[in-house]
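Spelled out from the first residue to the last, the chains are:
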Amino acid sequence: MARIIDTAPGCDMPALTRTPTALEARGLSYNDEVKAATDHLYEEVKDFITPMEWPGIAPLVHGINKLKTQRNAVILAHNYMTPDIFNLVGDFRGDSLQLAREAANVDAEIIVQAGVHFMAETSKILAPEKTVLIPDMEAGCSLAESITGADIRLIKQKYPGIPVVTYVNTTADVKAETDVCCTSSNAVQVVEHVAAEWGVDKVILIPDKYLARNVAAVTDIEIITWDGRCEVHEQFTADDIHALRDAHPGVLILAHPECPPDVLEASDFAGSTSALSNYVSERSPNKVVLLTECSMSDNVASANPDVEFVKPCNLCPHMKRITLENIFDALTEMKHEVLVDEDVRVQAKKAIDAMLALPNPKTARPFETGLAPKDIETLSPA
């Protein structure tokens, strides 16, 4: 039998405490105002957010959108953001090239970069008069961290007279040592343009060795690269593709060019995140796989409900550091401002401007698939 023991005189009962929820800690609740302002948005994310979860998300969405108006702020949301950020609070959405163009032209006082640190630096380089915030300063990039400005200086000493094309997935100090930047959308275009402009048949394309090898496979320009890679895309293998085809007959495999070359060799289509998205929306395949970051698949699936998606994707731990909660906090407290030394900024801007000055193709040029991998010279830190 249970016994009830009274407390002795003078003994205080311990107070029961509860940690505030994320909403309570921010003074938010799912009230009538929030419901009226956001419930119609649920349709856009219903395949990824359950009705039970929505009351915990809607107040953050409403709060962020109110803060954007109050602060004259915009959010640049990369394709790898989760659907709640991408669809419900992102003002401009796309790949790194699209967001770079928006950062240069956006009419706002504050830019919140829903992406990783090098993207926020790019926004600051292009829009120095604006305040650029990133919700988490630890949102980095394995590829960007693989190389430094000092490495570029040594490369230029070793290969004088050879243009250096640097992927935008790099830090500002690396861009500052570069002749022109590129993205996966325009890497082939930039390499061929700069080779013709300099009158050379050799170009240094860094730091992603897989992107460089995939570019080398579709151009006559000799490519020298760096031993860098994306920790998300390097995990995909040709064996994964064979297993997917066995498990899902008739499935179309779409790969990002940061994947290893044997993955592109076994795929049906390859291109930047914007090219992958356009392929699905324009061709409406019955069943498709996107070999890239998980949230990219979710966002493309949301825009193409009639297409069946198989999702053997990999999460980017750096992109996933960006959340509705820390976007709200960044705008509330105006914190995590990204700054770039002015001398570095001016030099880096020249490389980005050289890229943005190129004709903007209506559609991103895809990479060829089915090609045998091509070995190229690959440099690494001394």
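For the structure given in this document, a descriptive report is provided here. (Residues numbered from 1 in each chain as written. Predicted model: local features only at pLDDT ≥ 70, side-chain atom pairs only at ≥ 80, totals over all residues. Heavy atoms only, no water.)

Digging into the state of the cysteines
With the rule as written, the count across this model stands at zero disulfides. A disulfide-free cysteine, Cys-182 has its sulfur positioned 7.5 Å from the sulfur of Cys-181, the nearest such atom. (Disulfide = S-S within 2.5 Å.)

Notes on the pairing of strand β5 (residues 164-167)
A two-sided burial pattern is seen for β5, the buried positions comprising Val-164 and Thr-166 on one face and Val-165 and Tyr-167 on the other. In the sheet, β5 pairs with strand β6 (residues 180-182) via three bridges, with the strands oriented parallel. If you follow Thr-166 over to β6, its bridge partner there is Cys-181. (Buried < 20%, exposed > 50% of the residue type's maximum accessible area, 1.4 Å probe, protein only. Helix = DSSP H or I, 4+ residues; strand = E, 2+ residues; numbered from the N terminus. Pairing = 2+ DSSP bridges.)

Concerning the pattern of salt bridges
Under the defined criterion, the tally for this structure stands at 20 salt bridges. A salt bridge links Arg-321 to Asp-136, with the shortest nitrogen-to-oxygen separation between them at 3.1 Å. With a gap of 185 residues between them, Arg-321 in the loop between β12 (308-310) and α16 (324-333) and Asp-136 in the loop between β4 (131-133) and α8 (149-158) connect regions that are remote in the sequence. In this structure, Lys-311 engages Asp-298 in a salt bridge whose closest nitrogen and oxygen atoms are separated by 2.7 Å. Note that Lys-311 is positioned in the loop between β12 and α16 and Asp-298 in helix α15 (residues 294-303), a separation of 13 residues in sequence. (Salt bridge = Lys/Arg side-chain N within 4 Å of Asp/Glu carboxyl O.)

Looking at the sheet that holds strand β13 (residues 377-379)
With respect to topology, five strands assemble into an open sheet ordered β6-β5-β7-β8-β13, the strand pairing being parallel. Each edge of the sheet is formed by a strand with only one pairing partner; in this case those strands are β6 and β13. With strand direction ignored, the average angle separating the axes of adjacent strands in the sheet is 30°. (Axes fitted to C-alpha atoms, helices over the stretch in contact; angles between N-to-C directions.)

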